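# Per-entry structural report
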Amino acid sequence: MNILILGSGGREHAIAYKIVQSNLLNNLFIAPGNAGTSKIGKNLNLNISDFNAIKQTILEHKIDLVFVGPEDPLVNGIHDFILQNQDIKHVKVFGPQKKAAQLEGSKEFTKEFLFRHHIPTAKYQSFTADNLEKGYQFLETLDAPYVLKADGLAAGKGVLILNDLQEAKTELKEMLTNQKFGEASNKVVIEEFLDGIELSCFVVTDGKNYKILPYAKDYKRINEGDKGLNTGGMGAVSPVSFADKIFLNKVEERIIKPTINGLQKDSLPYKGVVFIGLIKVNNEPFVIEYNVRFGDPETEVIIPRIKSDLLELFNAVAEEKLDQYHLEIDERTAVTVMLVSGGYPEKYEKNKEILGLENVKDSIIFHAGTKSDTNKTVTNGGRVLAITSYGNDVKEATKKSYESIEKITFDKMNYRTDIGFDL
Ligand code: AMP
Ligand code: GLY
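Residues numbered from 1 in each chain as written. Chains lettered and ligands numbered in written order. Predicted model: local features only at pLDDT ≥ 70, side-chain atom pairs only at ≥ 80, totals over all residues. Heavy atoms only, no water.

Turning our attention to the nonpolar core. Counting residues in hydrophobic clusters, the biggest one holds 49 residues, and the most contacted among them are Leu4, Ile58, Val66, Ile82, Ile276 and Leu278. Sort the elements by how many residues they give to this core and helix H9 (residues 245–265) lands first, with six residues. In contact with Ile276, not counting residues within four places along its chain, are Leu199, Ser200, Cys201, Val203, Ile255, Ile256, Val287, Glu289 and Tyr290. Counting 44 residues, the second-largest nonpolar core is a separate cluster that includes Ala216, Ile303, Leu311 and Val317. (Core = buried A, V, L, I, M, F, W, Y, C linked by side-chain atoms within 4.5 Å. Buried < 20%, exposed > 50% of the residue type's maximum accessible area, 1.4 Å probe, protein only. Helix = DSSP H or I, 4+ residues; strand = E, 2+ residues; numbered from the N terminus. Contact = heavy atoms within 4.5 Å.)

Counted according to the given criterion, the structure contains 29 salt bridges. Ionic pairing is found between Lys92 and Glu319, a salt bridge with its closest N-O pair at 3.2 Å. Of this pair, Lys92 sits in strand S5 (residues 92–94) while Glu319 is found in the loop between helix H11 (310–318) and strand S18 (333–341), placing the two residues 227 residues apart along the sequence. Where Glu108 meets Lys187, a salt bridge forms, and the shortest distance between an N and an O atom there is 2.6 Å. Separated by 79 residues along the polypeptide, Glu108 in helix H6 (residues 107–116) and Lys187 in strand S9 (residues 187–191) bring together distant segments of the chain. By sharing partners, the salt bridges in this structure join Glu349, Lys352, Asp411 and Lys412 into a single network. (Salt bridge = Lys/Arg side-chain N within 4 Å of Asp/Glu carboxyl O.)

This part is about helix H2 (residues 51–60). Where H2 is concerned, the buried positions are Phe51, Ile54, Lys55, Thr57 and Ile58. Down the axis, H2 shows its buried residues gathered within 165 degrees of arc, on one side only. On its buried side, H2 packs onto strand S1 (2–7), strand S4 (65–68), helix H3 (71–75) and helix H4 (78–84). Sitting at the amino-terminal end of H2 is Asp50, which places a side-chain oxygen 3.2 Å from the backbone nitrogen of Asn52. Just downstream of H2, Lys62 is the residue with a positive phi angle, here 50 degrees. (Arc of directions from axis to C-beta. Polar contact = N/O pair within 3.5 Å; in protein donor to acceptor, adjacent residues only side chain to side chain.)

The next thing to look at is the environment of Glu320. Within the secondary structure layout, Glu320 lies in the loop between H11 and S18. Using a relative accessible area of 34% as the deciding quantity, one classes Glu320 as partly exposed. Each C-alpha atom of the pair Glu320 and Lys271 lies 8.3 Å from the other, and the pair is 49 residues apart in sequence. Sequence-distant contacts of Glu320, that is, excluding residues within four places in its chain, are made with Asp206, Lys208, Asn209 and Lys271.

We now examine the sheet that holds strand S16 (residues 272–281). Sheets are built from strands that pair by backbone hydrogen bonding, the pairs being arranged parallel or antiparallel. The strand order across the open sheet built from four strands is S11-S10-S16-S17, with neighbouring strands paired in antiparallel fashion. The open sheet has two edge strands, strand S11 (210–212) and strand S17 (284–291), and neither has a second partner. This sheet shows a mean twist of 35 degrees between the axes of neighbouring strands, independent of strand direction. Pairing analysis gives seven bridges linking S16 to S17, with the strands arranged antiparallel. The partner of Leu278 across the bridge, within S17, is Val287. The strands touched by H9 within the sheet are strand S10 (197–205), S11, S16 and S17, with S17 carrying the most contacts at an inclination of about 40 degrees. (Pairing = 2+ DSSP bridges. Axes fitted to C-alpha atoms, helices over the stretch in contact; angles between N-to-C directions.)

Below, the structure is given as structure tokens:
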């Protein structure tokens, strides 16, 4: 098969790394990719928001399957676009159609879905500029902290958690009347704060059947002890020790099954992965959010734990034969630590030469924000590299990643020194 991966992060490198191990693969293309993917496939300089350019690429390289990494093309309907084009409609797409991608594209859509299917989640109400006063009144009925969510996509920045009622009211007004997050905050979901510990659940579905991939925990804040600004994710661990059998059984019965059934009942066409952001509150699972794609950096610990063939999995999804696929999981623990550019998630510099990659033997290096520059590899983003290691437990895997990191340098390199320490 000829495969096209859309995206350029650590997630896409991890998917590419696994796909090249498949006997089903002929040619692998990544658009736009990074320095890591260029070594195992062919990077294509392509704007992934330009669906016509994607179509040309599919035709030129005789692509059989498109794997969509990030959410934007899905929310904007890349799957539908391919289905609606005579010359490429035979091409398989891993990722839901637009109608179903609203599970990530609209917080209100998600909350309505959750309530309609009786899936546990925080109580909420949504507001627009026209009923701002009602929004203030709803805030007054809640206890601090206050959770405000821009309804639409806001590059992961659209959620505010505020301790003070007055501040919450001010921010609500900023979002609704001053477009704090652009059009994404023309509608705002206000919800009850859930106090617990979060974990990420990935369910692959062909629309009828499902397979649960390994659970993972990601570390979202920039500083040790989960302090400081939110990032795309500074590290991840799989499996998750605090998610025991009894808890995971509740997740499957109360959340996964009703989610997959809900997709069918609501006629939401879904061939891809449902990323369920969960929170454990007093041993009970609640849904914080859905995403319609793999998580990053969770993918960098989940993919290495999948032993069975990933292209076979993607094919089974496309052909609605997921029930016939045997998912095989590596029992070992995997840990990844993100190396980021100094200053990230705020302003940072690019084009710093990365040294020492060839000296790392005991970890897998997944590239994120990197590019090749003549004979050098240089930084090209905030999150630069994900250093993944296996171990018999979190401690062993973490130790290996931190030992590997000692061998890598670039100017102003930063990382968290406590990934996995809480587990
Ligand atoms: P979301 O984009 O909906 O995942 O929200 C981003 C982050 O905000 C989540 O990963 C949680 O850490 C936090 N969060 C969102 N909703 C809630 C909630 N109802 N209670 C507590 N924390 C929340
Ligand atoms: N790691 C969280 C995300 O991919 O959204």
